[in-house]
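Examining the three-dimensional arrangement
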2 protein chains.
Amino acid sequence: MAVGPDTLPELKPVDGFRIGIASAGIKKPGRRDVVLMEVCDGATVAGVFTKNAFCAAPVTLSKQYLASSATRYLLVNTGNANAGTGEQGMADAIRCCDAVAQLVGVEREAVLPFSTGVIGEPLPVDKIVAVLDDAKTDLNESNWLNAAHGIMTTDTRAKAACEQFVYQGQTVTLTGISKGAGMIMPNMATMLGYVATDARVAQPLLQQWLSQAADRSFNRITIDGDTSTNDSCILVATGRSGVSVEAENTELADLFLAALNRIMLNLAQAIVRDGEGATKFVEVRVEQAASVEEALQVAYTIAHSPLVKTALYASDPNWGRILACVGRAGLENLDLNALEIYLNDVCIVEKGGRAASYTEEQGQAVMDGEEILIHVVLKRGAVRESVWTTDLSTEYVHINADYRS
Amino acid sequence: MAVGPDTLPELKPVDGFRIGIASAGIKKPGRRDVVLMEVCDGATVAGVFTKNAFCAAPVTLSKQYLASSATRYLLVNTGNANAGTGEQGMADAIRCCDAVAQLVGVEREAVLPFSTGVIGEPLPVDKIVAVLDDAKTDLNESNWLNAAHGIMTTDTRAKAACEQFVYQGQTVTLTGISKGAGMIMPNMATMLGYVATDARVAQPLLQQWLSQAADRSFNRITIDGDTSTNDSCILVATGRSGVSVEAENTELADLFLAALNRIMLNLAQAIVRDGEGATKFVEVRVEQAASVEEALQVAYTIAHSPLVKTALYASDPNWGRILACVGRAGLENLDLNALEIYLNDVCIVEKGGRAASYTEEQGQAVMDGEEILIHVVLKRGAVRESVWTTDLSTEYVHINADYRS
């Protein structure tokens with residue numbers, strides 16, 4: 001139950017970035033659930049993290065370590081989120097970092113920990129530590145696809161993307177993986193993303209660009225910047241291509257940023273397409289808004305409406321439910337008669353009611369598709385924003401009612 | 001599929017308030033779908049209405065008429081909400097009022113129109129007008145239960161309540177009905193409420209008290225004051241008991257307000273109990289908050305979380321999901337280690353993690369019940385607020401995916 005073809009591009013290795021996978025049996029015996037990533041010496045690393053006040057122990061630690069030391073290893077486990085685990089959780093995350101540090105001969109702070117899975121259960125540290133040597137032995141640059149599988153939780157598909165561009169005869173590569181699921185209100189799902197490039201980018205610029213790219217991708221599938229206990233996205237620049245992106249507003253920076261935005265949006269949209277129980281992939285686009293804030297207010301009100309989402313599931317062109325969402329989005333002085341709403345190219349609302357030209361057949365034709373654009377034209381300004389979401393199916397309820405059993 | 005016993009108290013007539021029912025066949029042939037209510041001369045009438053910018057034509061008209069003239073009749077139809085119907089919708093609502101006005105010999109503005117049902121479809125005015133004479137003929141003071149049935153949409157039960165108190169040997173009666181459904185995000189459901197009392201209350205005071213009572217009842221089952229296109233609640237004081245409530249902070253006013261708050265809360269909670277697909281009735285209580293705003297922020301974040309609601313449906317004491325909601329509710333300087341969370345009387349979270357005393361068996365025992373209290377103690381102040389909600393079931397999705405078919 002995921003939307004669109006289940007195909008991945010060739011995942012080009014990134015020189016200076018190696019990945020090893022191991023099976024710790026955290027939730028299921030034999031499942032490959034531990035992923036160790038090695039960053040070459042001299043690389044730069046940037047990260048964005050959840051804003052949830054109850055962020056998980058590994059998030060707290062990763063933020064600290066990233067700010068204080070040169071990162072050399074990323075350790076990810078699935079099956080257990082080490083969230084809501086109090087002081088023990090922090091001690092457990094530190095033990096994992098220590099174990100990696102001793103194994104590979106770096107300081108503890110050079111290891112960033114990441115966990116995803118059930119929250120509130122103690123992390124099985126011994127199981128993880130026991131397979132670190134396996135993961136180290138497995139380290140190689142062609143392990144991206146295995147890593148994409150290794151970080152999945154309720155995901156039904158591996159998520160990965162790759163971008164390349166050529167600058168003055170030299171090829172720059174960006175490769176990445178993500179995991180997600182739980183998309184009715186995605187801020188409760190754990191989203192992880194790891195992208196590596198062989199470009200060289202100074203850390204402050206890398207951080208700025210990652211934050212901007214995340215705002216236009218991972219943060220457009222969440223509400224108001226609210227996120228789950230464990231959300232994290234890491235961008236590594238190894239510099240091994242020899243291409244150095246040194247400033248904004250250059251031809252090279254434009255090429256790099258375009259590739260970065262594409263790969264981030266691709267990884268974020270893959271999470272939506274594989275949303276729990278998803279049968280539709282929906283873009284909600286709000287155009288001619290007076291501000292980013294009001295565009296997102298309208299877009300999220302539609303994207304989170306269970307009545308709109310169940311109508312999408314039923315392939316029902318119930319334009320009244322969309323219209324009611326725009327009405328309750330809280331915009332001041334909204335001119336009902338000016339705005340227009342479209343399903344793909346079909347105008348469904350104009351002049352405060354159903355569009356004169358609209359027929360149920362047109363609406364039905366749009367809704368029968370797997371990919372749907374809900375397009376609101378506010379006629380209040382020049383701002384355009386999109387968010388991406390899915391429908392709400394009985395399958396979603398089944399998955400989340402049964403998750404722990 | 002509603003929570004709690006399906007019993008109604010005896011619905012005492014209110015002197016000066018008559019009700020007539022008729023079958024217009026708006027959505028289903030034979031269904032009693034038109035309710036006419038007659039208010040005696042000299043009564044006072046107050047109303048609260050949706051804040052949705054796309055409010056329905058009858059809401060716009062009712063607000064205008066209520067402000068300009070003495071109300072004598074309320075006309076309710078179910079099966080069609082006359083919302084998102086543009087100028088034609090307004091003309092249709094006026095035609096209905098005109099027809100009543102001519103039939104009973106009052107001015108058009110003395111008739112308030114109300115509609116509930118599918119939005120975006122033209123109101124079948126002729127069908128409604130054709131049965132007004134039947135409704136008039138049926139007018140009597142003992143028709144409350146029939147009226148409760150007559151205003152239902154996807155409701156599975158009639159909703160009604162009655163309160164009486166004695167003041168200086170005289171009995172004062174309050175009787176009321178409501179309808180709702182669609183409770184996962186109730187601001188999208190149409191809620192209607194009609195309460196009549198034989199007390200005498202001057203209009204400005206009646207309006208003030210209705211607004212206050214609605215804020216603590218109907219508005220505690222919606223989000224941020226956002227409401228659907230058609231929500232309306234009307235309070236009528238006929239004065240026929242001879243008891244006149246003339247000021248605040250008197251013994252009589254206290255008695256009257258207590259009865260008013262009870263009946264309003266009862267009618268609002270009945271809507272939650274009959275939420276679409278509901279199998280649980282849940283109070284989310286936030287205590288020791290620094291302000292009403294932050295108490296409601298936390299309460300609504302929990303009450304609207306699909307992950308919490310699916311866990312409730314599964315009777316799964318998944319305290320991690322509740323904890324994650326508190327974390328993402330957006331409170332500044334939240335002290336994770338100070339707050340506590342309880343399921344009924346069972347402490348599930350303390351010191352930033354699972355309570356030391358908590359056992360899964362205790363949590364399971366609470367979740368197995370039909371009525372559940374999620375109780376968050378913030379330890380930041382002295383404010384306490386509650387909201388009421390339901391679980392999210394597969395049945396909810398079925399109902400809303402099939403509503404128009």
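Residues numbered from 1 in each chain as written. Chains lettered and ligands numbered in written order. Predicted model: local features only at pLDDT ≥ 70, side-chain atom pairs only at ≥ 80, totals over all residues. Heavy atoms only, no water.

**A look at the overall build of chain A**
Across its full length, chain A carries 12 helices and 17 strands. Its C-alpha atoms give chain A principal-axis dimensions of about 70 × 55 × 35 Å. Within chain A, contacts between residues separated by at least 24 positions form 80% of all contacts whose residues are at least 6 apart in sequence. When the accessible surface of chain A is summed, it comes to about 14300 Å², and 46% of that surface belongs to carbon and sulfur atoms. Taking the average place of the 33 positive charges on the side chains of chain A and the average place of its 49 negative ones, the gap between the two points comes to 2 Å. (Helix = DSSP H or I, 4+ residues; strand = E, 2+ residues; numbered from the N terminus. Contact = heavy atoms within 4.5 Å. Areas by Shrake-Rupley, 256 points an atom, 1.4 Å probe, with all protein chains shown as cover. Lys, Arg positive; Asp, Glu negative; His and termini not counted. Charge placed at Lys NZ, Arg CZ, Asp CG, Glu CD.)

**A few points about the packing of helix H9 (residues 306-313) of chain A against helix H10 (residues 319-327) of chain A**
Residue and element names in this part refer to chain A. Orientation of H9 relative to H10, taken along the N-to-C sense of each, is 155 degrees, at an axis distance of 9 Å. Here H9 lies roughly antiparallel to H10, going by the angle between them. Classified by chirality, the crossing of H10 by H9 is left-handed. Counting all contacts with H9, which are made through Leu 307, Val 308, Thr 310 and Ala 311, the residues of H10 involved are Arg 321, Ile 322 and Cys 325. Taken together, the residues of the contact of H9 with H10 break down into 5 nonpolar, 1 polar and 1 charged. (Axes fitted to C-alpha atoms, helices over the stretch in contact; angles between N-to-C directions. Parallel < 35°, antiparallel > 145°, perpendicular 65-115°, else oblique. Left-handed = near helix turned anticlockwise from the far one by under 90°. Nonpolar A, V, L, I, M, F, W, Y, C, P; charged D, E, K, R; others polar.)

**Re the relation of the copies chain B and chain A**
Once chain B is rotated about the relating axis by 180 degrees and shifted along it by 0.0 Å, it coincides with chain A to within an RMSD of 0.0 Å. Seen this way, the second copy is the image of the first under a two-fold rotation axis. Scanning chain B for the C-alpha nearest the rotation axis identifies Thr 394 of chain B, at a separation of 2.5 Å. (Least-squares fit on C-alpha atoms with pLDDT ≥ 70 in both.)

**Digging into the sheet that holds strand S10 (residues 232-237) of chain B**
All names here are of chain B. Taking strand neighbours across the sheet as the criterion, the 5 strands line up as S3-S10-S8-S7-S6 in an open arrangement whose pairing is mixed. Two strands in the sheet have a free side with no partner beyond their single neighbour: strand S3 (44-49) and strand S6 (159-167). For this sheet, the mean angle separating the axes of adjacent strands, direction not counted, is 10 degrees. Examined bridge by bridge, strand S7 (residues 170-179) and strand S8 (residues 192-197) share 6 bridges and lie antiparallel to one another. Directly across from Ile 177, in S8, lies its bridge partner Tyr 194. (Pairing = 2+ DSSP bridges.)

**Considerations on the pairing of strand S13 (residues 340-343) of chain B**
Consecutive side chains of a regular strand alternate in pointing toward one face of the sheet and then the other. Residues and elements named next belong to chain B. Because side chains alternate across S13, one face comprises the buried residues Glu 340 and Tyr 342, and the other comprises Ile 341 and Leu 343, equally buried. Relative to strand S14 (residues 346-350), S13 is paired through 3 bridges, and the arrangement is antiparallel. Bridge pairing in S14 links Tyr 342 to Cys 347. Linking S13 back to S14 in an antiparallel pair, the connection comprises 2 residues, with Asn 344 at a positive phi of about 50 degrees. (Buried < 20%, exposed > 50% of the residue type's maximum accessible area, 1.4 Å probe, protein only.)

**Regarding the interface of chain B and chain A**
Counting from both sides, the interface comprises 53 residues of chain B and, opposite them, 53 residues of chain A. Summed over both sides, the interface of chain B with chain A buries roughly 4500 Å², with 65% coming from carbon and sulfur. Linking chain B with chain A are 0 salt bridges. Joining chain B to chain A, the criterion identifies 0 residue pairs in polar contact (both at pLDDT 80 or more). When residues of the side of chain B that touches chain A are traced back to their parent elements, those giving at least two are helix H9 (306-313), helix H10 (319-327), strand S15 (353-354) and helix H12 (394-402) of chain B. Of the residues forming the side of chain B that touches chain A, the biggest block, 8 residues, is contributed by H10 of chain B. Of the residues that constitute the side of chain B that touches chain A, the class distribution is 25 nonpolar, 20 polar and 8 charged. (Buried area = accessible area lost by both parts, 1.4 Å probe. Salt bridge = Lys/Arg side-chain N within 4 Å of Asp/Glu carboxyl O. Polar contact = N/O pair within 3.5 Å; in protein donor to acceptor, adjacent residues only side chain to side chain.)

**Looking at the packing of aromatic side chains**
Aromatic ring pairs are defined here through the distance separating the ring centres and the angle between the ring planes. Residues and elements named next belong to chain A. All chains considered together, the criterion is met by 6 aromatic pairs over all chains. Seen in terms of ring centroids, Trp 209 and Phe 256 are 5.7 Å apart; in terms of plane orientation they differ by 40 degrees. Their pairing is tilted. Note that Trp 209 is positioned in helix H6 (residues 203-215) and Phe 256 in helix H7 (residues 251-273), a separation of 47 residues in sequence. Note on accessibility: Trp 209 and Phe 256 belong to one class, buried. (Phe/Tyr/Trp six-rings, centres within 6.5 Å; stacked < 30°, edge-to-face > 60°.)

**Describing the side chain of Thr 78 of chain B**
All names here are of chain B. Checked against the element boundaries, Thr 78 lands in strand S4 (residues 73-80). Owing to a relative accessible area of 2%, Thr 78 belongs among the buried residues under this scheme. Within the structure, the side chain of Thr 78 is placed 2.8 Å from the backbone oxygen of Met 152, a separation counted as a polar contact. With residues near it in sequence (within four places) discarded, Thr 78 still touches Ile 26, Arg 31, Asp 33, Thr 116, Gly 150, Ile 151, Met 152 and Thr 153.

**Quick word on the domain arrangement of chain A**
According to the domain assignment, chain A consists of domain 1 (17-273) and domain 2 (281-402). Using C-alpha coordinates to define each centre, domain 1 of chain A is positioned 33 Å away from domain 2 of chain A. (Domains from an automatic or database assignment.)

**Thoughts on the UniProt feature "active site" (unreviewed entry) in chain A**
All names here are of chain A. Under the UniProt annotation, the feature "active site" (unreviewed entry) is placed at Thr 190. Inspection of the secondary structure puts Thr 190 in the loop between strand S7 (170-179) and strand S8 (192-197). Note on Thr 190: relative accessible area 10%, which makes it buried. Setting aside chain neighbours within four positions, we find Thr 190 in contact with Thr 116, Lys 179, Gly 180, Ser 228, Asn 230 and Asp 231. (UniProt positions renumbered as here; feature names shortened; annotations may be inferred.)

**What about the UniProt feature "binding site: substrate" (unreviewed entry) in chain A?**
Residue and element names in this part refer to chain A. Per the UniProt record, "binding site: substrate" (unreviewed entry) is annotated on Thr 153, Lys 179, Thr 190, Glu 276, Asn 400 and Ser 405. Looking at the element boundaries, Thr 153 is found in the loop between helix H5 (144-150) and strand S6 (159-167). Residue contacts for Thr 153: discarding those within four places in its chain leaves Thr 78, Thr 116, Gly 117, Lys 179 and Gly 180. One can find Lys 179 in strand S7. Excluding its chain neighbours within four sequence positions, the residues that come into contact with Lys 179 are Thr 116, Ile 151, Met 152, Thr 153, Asp 155, Lys 159, Thr 190, Met 191, Leu 192 and Ile 271.

**Digging into the pattern of salt bridges**
When the charged atoms of two side chains lie near each other, side chains of opposite charge can form a pair. The final tally for this structure, using the stated rule, is 30 salt bridges over all chains. In this structure, the salt-bridge partner of Asp 15 of chain B is Arg 240 of chain B, at a minimum N-O distance of 3.5 Å. Separated by 225 residues along the polypeptide, Asp 15 of chain B in the segment before strand S1 (17-22) and Arg 240 of chain B in the loop between S10 and strand S11 (244-245) bring together distant segments of the chain. Of the residues examined, Arg 240 of chain B reaches a relative accessible area of 45% and is grouped as partly exposed. Notably, a salt bridge pairs Lys 379 of chain B with Glu 340 of chain B, separated by 2.9 Å at the nearest N-O pair. Placement of Lys 379 of chain B in the loop between strand S16 (371-377) and strand S17 (383-390) and of Glu 340 of chain B in strand S13 is noted, with a sequence separation of 39 residues between them. With relative accessibility at 39%, the residue Lys 379 of chain B sits in the partly exposed group. Here Glu 340 of chain B falls in the buried class, since its relative accessible area comes to 18%. Through salt bridges with shared partners, a single network forms among Asp 155, Lys 159 and Asp 274 of chain A.

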